[in-house]
Amino acid sequence: MIHSSIERADVRDMLVVHEAFRQGFGRMPALVSEVTPGDVRRAEIVASHMQLIEEFLHLHHKGEDDFLWPKLLDRAGERLGSTVALLESQHEEIAALLAQTSKELEVWRKAPSTERGTELADSLERLGTVLTEHLAIEEKDVLPIASEYVSAKEWHQMGDHAIKGLPKSKLPIIFGMLASYAEPDVVKLLISSAPLVPRLIMPILGPRAYARHARQVYGPAEISA
């Protein structure tokens, strides 16, 4: 366990990230199925959105693999070892499904046909099912006790890893998406380790950027700026 004098991790930001993934991946099959065959312009909009969310998930899992699981195995191996092993194996399964959907996505975005759209939507359904199960296990068995073993500084390493890996131009969209699922104090938590300027401007830029993005992807009635 971490020393009592050290600030412990606040895991509420992870719950927001998980909800964003559940919602984002849950809506992907319908987004694909609703594209008219041959509508390359619409397919490109949907594909670019999906690519961004998939890359965010990949970075999120890489952050857990590098910064969280080793600490939990070292500090709480008897308590969490079997759960971490399961979650790691699910990361491998999800990575394989992501590779498959990414490959199918690249083919479909260039030539969106009914057959290719159905194939991609089915793969996304499978990915969403495995991902939902994975997130539920984390939330049930790991997040309630993670703060006993991980400090706030160590916890933020995961978020910082994802931020550094994403295109800078897309960060406002990702932050705005997360903020749309978060209470105000959790919004502050999401950027608590960021430099001063991003902490000041992202709560303004992010929701606006995501509102524009969501209208383009989901339709004008989806979200207001």
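Residues numbered from 1 in each chain as written. Predicted model: local features only at pLDDT ≥ 70, side-chain atom pairs only at ≥ 80, totals over all residues. Heavy atoms only, no water.

Which residues make up the overall build of the protein, and what values do they have?
Counting secondary structure elements, the protein contains 7 helices and 0 strands. For the protein, the sequential pattern of α-helices and β-strands runs α-α-α-α-α-α-α. With respect to the principal axes defined by its C-alpha atoms, the protein has extents near 60 × 40 × 25 Å. Taken across its 225 residues, the protein has 48% of its residues classed as buried. Here the contacts in the protein between residues at least 6 apart in sequence split such that 80% fall between residues at least 24 apart. Summed over its atoms, the accessible surface of the protein is roughly 11,400 Å², and 55% of this surface lies on carbon and sulfur atoms. Here the protein holds 25 positive side-chain charges and 33 negative ones, and the gap between their average locations is 8 Å. (Helix = DSSP H or I, 4+ residues; strand = E, 2+ residues; numbered from the N terminus. Buried < 20%, exposed > 50% of the residue type's maximum accessible area, 1.4 Å probe, protein only. Contact = heavy atoms within 4.5 Å. Areas by Shrake-Rupley, 256 points an atom, 1.4 Å probe, with all protein chains shown as cover. Lys, Arg positive; Asp, Glu negative; His and termini not counted. Charge placed at Lys NZ, Arg CZ, Asp CG, Glu CD.)

I'd like to hear about the packing of helix 5 (residues 171-179) against helix 7 (residues 196-218), residue by residue, with values.
When two helices pack together, their arrangement is captured by the angle between the axes and the distance separating the axes. Following both chains from N to C, one finds helix 5 and helix 7 inclined at 90 degrees, their axes separated by 7 Å at the closest point. Viewed along their axes, helix 5 and helix 7 adopt a mutual orientation that is roughly perpendicular. On helix 7, the residues touching L171, P172, I173, F175, G176 and M177 of helix 5 are M202, P203, L205, G206, P207, A209, Y210 and H213. Partitioning the contact of helix 5 with helix 7 into residue classes produces 11 nonpolar, 3 polar and no charged. (Axes fitted to C-alpha atoms, helices over the stretch in contact; angles between N-to-C directions. Parallel < 35°, antiparallel > 145°, perpendicular 65-115°, else oblique. Nonpolar A, V, L, I, M, F, W, Y, C, P; charged D, E, K, R; others polar.)

Requested: an account of the environment of R208, with residues and values cited.
With respect to the helices and strands, the residue R208 is situated in helix 7. The partly exposed category is assigned to R208, whose relative accessible area is 48%. Each C-alpha atom, one on R208 and one on G176, is 7.2 Å from the other, the two residues being 32 residues apart in sequence.

Hey, could you go over a negative patch on the surface for me, with residue numbers and the actual values?
On the surface, a cluster of negative charge is made up of E115, E119, D122 and E125. Looking at the secondary structure, you find D122 in helix 3 (residues 114-146). (Patch = residues over 30% accessible without salt bridge, like charges linked within 9 Å, V, L, I, M, F, W, Y side chains within 5 Å. Salt bridge = Lys/Arg side-chain N within 4 Å of Asp/Glu carboxyl O.)

I'd like to hear about the side chain of H213, residue by residue, with values.
In this fold, H213 is placed in helix 7. Sequence-distant contacts of H213, defined by excluding residues within four places in its chain, comprise H49 and I173.

Quick rundown of the packing of aromatic side chains? Include the residues and the values.
A full pass over the atoms with the stated rule returns 2 aromatic pairs. Ring geometry for F21 and F25: centres 6.3 Å apart, planes at 55 degrees, overall tilted. Of the two residues, F21 and F25 are both situated in helix 1 (residues 12-33); the distance of 4 residues between them amounts to about one turn of the helix. Taking the relative accessible area as the measure of exposure, F21 reaches 0% and is therefore buried. (Phe/Tyr/Trp six-rings, centres within 6.5 Å; stacked < 30°, edge-to-face > 60°.)

Go over helix 5, please, and point to the residues and values.
Counting buried positions over the 9 residues of helix 5 gives 9, a clear majority of the element. Among all positions in helix 5, only L171, P172, I173, I174, F175, G176, M177, L178 and A179 are buried. Summarising the contacts, the buried residues of helix 5 are in contact with helix 1, helix 2 (40-110), helix 4 (152-165), helix 6 (184-190) and helix 7.

Purely spatial values, then, with no claim about function.
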